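Chain residues, written in single-letter form:
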Amino acid sequence: MVRIAICDDDKEAVKSHGDIVKNCLHSCGIGYEISTYTQSSNLFFDITDDHFFYDLILLDIEMPGMTGMELSEKIKPHLPNVKIIFITSHIEYAIDAFELSIFRYVPKSDLTNRLVSAVVDAAKLIELEGGKEYIIQTAGRMEKIPYKDIFYIQRDGGKNSMICSRLGISKVRKSLQQVFDELQAQEFIFIDRVIS
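Residues numbered from 1 in each chain as written. Predicted model: local features only at pLDDT ≥ 70, side-chain atom pairs only at ≥ 80, totals over all residues. Heavy atoms only, no water.

Chemist: When you look at helix α3 (residues 68-75) in this model, what are you seeing that I'm missing?
Modeler: Owing to its 3.6 residues per turn, the α-helix brings residues three or four apart onto one side. Residues of α3 that are buried include every one of Gly68, Met69, Leu71, Ser72 and Ile75, and no others. The arc that holds the buried residues of α3, viewed along the axis, is 165°, so those residues lie on one side. (Buried < 20%, exposed > 50% of the residue type's maximum accessible area, 1.4 Å probe, protein only. Helix = DSSP H or I, 4+ residues; strand = E, 2+ residues; numbered from the N terminus. Arc of directions from axis to C-beta.)

Next comes the structure, spelled out in structure tokens:
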């Protein structure tokens with residue numbers, strides 16, 4: 001399932017973009033979950049404070065308060081693998097968008113054609129990259145840690161574990177054996193004890 005956020009200060013644009021996304025992913029047989037925002041600050045705080053996770057974010061560039069450019073730069077440390085599609089009528093921002101490693105830039109003048117292909121391409125890439133990540137889900141947060149970013153996993157007390165990755169340390173309320181069994185990957189080996 002692809003988790004998507006759509007953020008535009010224009011409510012009609014949010015609805016229109018959402019309809020396009022739903023139709024194209026449904027026709028491709030790709031599962032999705034969409035959250036919508038009309039204030040960039042709400043999306044920012046959901047990601048940075050409440051640890052919301054998104055695979056794909058559709059952003060308007062010109063928004064009051066925090067622009068789409070500023071928002072994308074600020075959330076990258078929290079969601080380093082997120083795909084961002086800028087939807088805007090301001091073509092002059094295209095070069096800056098590429099410097100931020102934006103997945104696609106869609107001009108509003110050709111929205112229907114370009115947004116469909118951008119969303120489908122992003123969703124297929126996310127599905128290809130998916131499956132090779134460890135997911136930590138609790139009532140308050142969801143975190144995806146790509147296998148390639150995990151350095152090691154160690155016990156953290158009795159029945160808790162710590163995943164040390166390129167993104168930092170993530171704690172999970174599962175035993176080391178449970179985490180190892182859930183990984184089901186040859187990339188990891190289980191070392192019972194280290195004697196020094």
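There is more to say, and it comes next.
Chemist: Even after reading the chapter, I still don't get the sheet that holds strand β1 (residues 2-7), so can you show me in this structure?
Modeler: Hydrogen bonds between backbone atoms are what pair the strands of a sheet, whose relative direction is either parallel or antiparallel. One open sheet holds the five strands; their spatial order is β2-β1-β3-β4-β5, and the pairing between them is parallel. Two strands lie at the open edges of the sheet, namely β2 (32-37) and β5 (104-107), each paired on one side alone. Strand-to-strand twist in this sheet, taken as the mean axis angle between neighbours without regard to direction, amounts to 20°. Relative to strand β4 (residues 83-88), strand β3 (residues 56-60) is paired through five bridges, and the arrangement is parallel. Each residue of the ladder has a partner; that of leucine 59, found in β4, is phenylalanine 86. (Pairing = 2+ DSSP bridges. Axes fitted to C-alpha atoms, helices over the stretch in contact; angles between N-to-C directions.)

Chemist: What exactly am I supposed to notice about the pairing of strand β10 (residues 168-172) here?
Modeler: On a regular strand, one side chain projects to one face of the sheet and the next to the other, so that they alternate. Where strand β9 (residues 161-165) lies against β10, five bridges are found, and the strand directions are antiparallel. Note on β10: the bridge partner recorded for cysteine 164 is isoleucine 169.

Chemist: Can you help me understand the nonpolar core in this one?
Modeler: Proteins that are soluble and globular tend to have nonpolar side chains buried together. Leu43, Tyr54, Ile57, Leu59, Ile84 and Phe86 are the most contacted members of the largest nonpolar core, which totals 23 residues. Looking at this core, the elements with two or more residues in it are β1, α2 (40-48), β3, α3 and β4. Ignoring anything within four residues of it in the chain, the contact list for isoleucine 84 reads Ile57, Leu59, Ser72, Ile75, Lys76, Ile102, Phe103 and Arg104. Of all hydrophobic cores here, the second largest spans 22 residues; its members include Val14, Val21, Ile87 and Val106. (Core = buried A, V, L, I, M, F, W, Y, C linked by side-chain atoms within 4.5 Å. Contact = heavy atoms within 4.5 Å.)

Chemist: Where do I start with the side chain of lysine 83 in this structure?
Modeler: Relative to the assigned elements, lysine 83 resides in strand β4. Those residues in contact with lysine 83 that sit more than four places away from it in its chain are Asp55, Leu56, Ile57, Phe103, Leu125, Ile126 and Glu129.

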